[in-house]
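# Summary of structural features
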Amino acid sequence: MAKTVFKPGTMLNPVPAVMVSCGDGEVKNIITIAWTGIINSDPPITYVSVRKSRFSHDIIEKSGEFVINLTTEKLAFAADYCGVKSGRDVDKFREQRLTPSESVVVGCPSIGESPVNIECRVMEKKEYQTHDMFIAEIVSVSVDEELLDENGRLMLEKAGLVAYNHGHYYALKRQEIGRFGYSVMKKKTRKRIEAEKRKNSIRRGRRGR
């Protein structure tokens, strides 16, 4: 397959488009960020990279806290708005009719309309040429109860999450390709999982009558 060579750049795609809420007790803001991810699992550690000139940069630096709010198809418009408008000029919560909900652990607000709120406390800051990376421990996670099945299992596939791919937002559709480890899964295990899926599908159908 023939390939064209590009100059080095930020070509890693797709990436999450999350709405990061922050506040220092005096002001609150939302910044849309695609440069975030998981660094460690135990303890759970994440990061957000924020351009030094952004309004939220100084808020996060001062407060040492932020909340990563997952974005859905319904929130995509608000996420885009929060990514192009500055909190220096507008109250993004008010303009997009988003609810600044009280967080469980951190002092800054979460976004009530987001299905998953990941509260973070900054551990350290790494400075780079254009962005600063705020490395933070995840101290609390809140999830909409509608995304839990009768056994308490999280069904994120029902949330309607979106991803950001080379300047565009894309919906993550509910078409499962496989699950972790499916490439080496035993036939017996695969049959059991398929049977459980059929059973759960029948249950959901009965509840919908």
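Look up a bit, the structure's there.
Let me begin by describing the structure that accompanies this report. (Residues numbered from 1 in each chain as written. Predicted model: local features only at pLDDT ≥ 70, side-chain atom pairs only at ≥ 80, totals over all residues. Heavy atoms only, no water.)

### Some words on the overall build of the protein
The test is simple: Here a helix means four or more residues in a row that DSSP labels H or I, a strand means two or more in a row labelled E, and each is numbered from the N terminus. Relative accessibility decides the category of a residue: with a 1.4 Å probe and only protein chains considered, values under 20% of the type maximum give buried, values over 50% give exposed, and everything between is partly exposed. In what follows, a contact means two residues having at least one pair of non-hydrogen atoms within 4.5 Å. In short, Shrake-Rupley with a 1.4 Å probe defines the accessible areas, and a residue's cover is counted only from the protein chains shown.
When its secondary structure is counted, the protein shows four helices and twelve strands. Across its three principal directions, the C-alpha atoms of the protein cover 55 × 50 × 35 Å. When each of the 209 residues of the protein is scored for burial, the buried share is 36%. In the protein, the proportion of contacts linking residues at least 24 apart, taken out of those at least 6 apart, comes to 58%. Counting only carbon and sulfur atoms, one obtains 51% of the accessible surface of the protein, whose full area is about 14,100 Å².

### Considering the state of the cysteines
Heads up, the condition is: We call a pair of cysteine sulfur atoms a disulfide when they lie within 2.5 Å.
Summed over all chains, the structure comprises zero disulfides. A disulfide-free cysteine, cysteine 108 has its sulfur positioned 6.8 Å from the sulfur of cysteine 22, the nearest such atom.

### Some points on the pairing of strand S5 (residues 45-51)
To keep things clear, this is the line we draw: At least two DSSP bridges between two strands are needed for those strands to be called paired.
Taken across its seven residues, S5 has six buried, putting it largely inside the fold. Bridge analysis of strand S4 (residues 36-40) against S5 gives four bridges, and the strand direction is antiparallel. Residue pairing for S5: asparagine 40 is matched across the bridge by isoleucine 45. What sits between S4 and S5 in their antiparallel hairpin is a turn of four residues.

### Overview of the pattern of salt bridges
Here is the rule we go by: Criterion for a salt bridge: a side-chain nitrogen of Lys or Arg within 4 Å of a carboxyl oxygen of Asp or Glu.
All chains considered together, the criterion is met by nine salt bridges. A salt bridge links glutamate 65 to arginine 121; its shortest N-O distance comes to 3.5 Å. Residue glutamate 65 is located in strand S6 (residues 65-69), and its partner arginine 121 is located in strand S9 (residues 116-127); the two are separated by 56 residues in the primary sequence. Classification of glutamate 65 as buried rests on a relative accessible area of 14%. Taking the shortest distance from any N to any O, the salt bridge between arginine 153 and aspartate 149 comes out at 3.4 Å.

### Focus: the layout of surface pockets
Just so we agree on the cut-off: Lining residues are those with an atom within 4 Å of a point, where the points come from a 1 Å grid over the protein atoms alone and group into cavities, where a 1.4 Å probe fits but cannot get out, or pockets, open sets with protein on both sides within 12 Å along at least five of seven lines. Grid points are joined across faces, edges and corners, and a volume is the space filled by probe spheres set on the points. Think of it as three bins: nonpolar holds Ala, Val, Leu, Ile, Met, Phe, Trp, Tyr, Cys and Pro, charged holds Asp, Glu, Lys and Arg, and polar takes everything else, Gly as well.
Within this model, the largest pocket holds a volume of roughly 810 Å³. In terms of lining residues, the largest pocket is bounded by 36 residues, among which Thr32, Ile33, Ala34, Trp35 and Tyr164 are the most central. Elements that contribute at least two residues to the lining of the largest pocket include exactly strand S3 (28-33), S5, helix H1 (55-63) and helix H2 (76-84). In terms of residues, the lining of the largest pocket owes the most to one element, H2, which gives five residues. Counted by class, the lining of the largest pocket contains 16 nonpolar, 14 polar and six charged residues. Quantified by volume, the second largest pocket comes out at close to 710 Å³. In terms of lining residues, the second largest pocket is bounded by 20 residues, among which Arg153, Met155, Glu157, Glu176 and Lys197 are the most central. Here the lining of the second largest pocket is built from residues that sort into five nonpolar, four polar and eleven charged.

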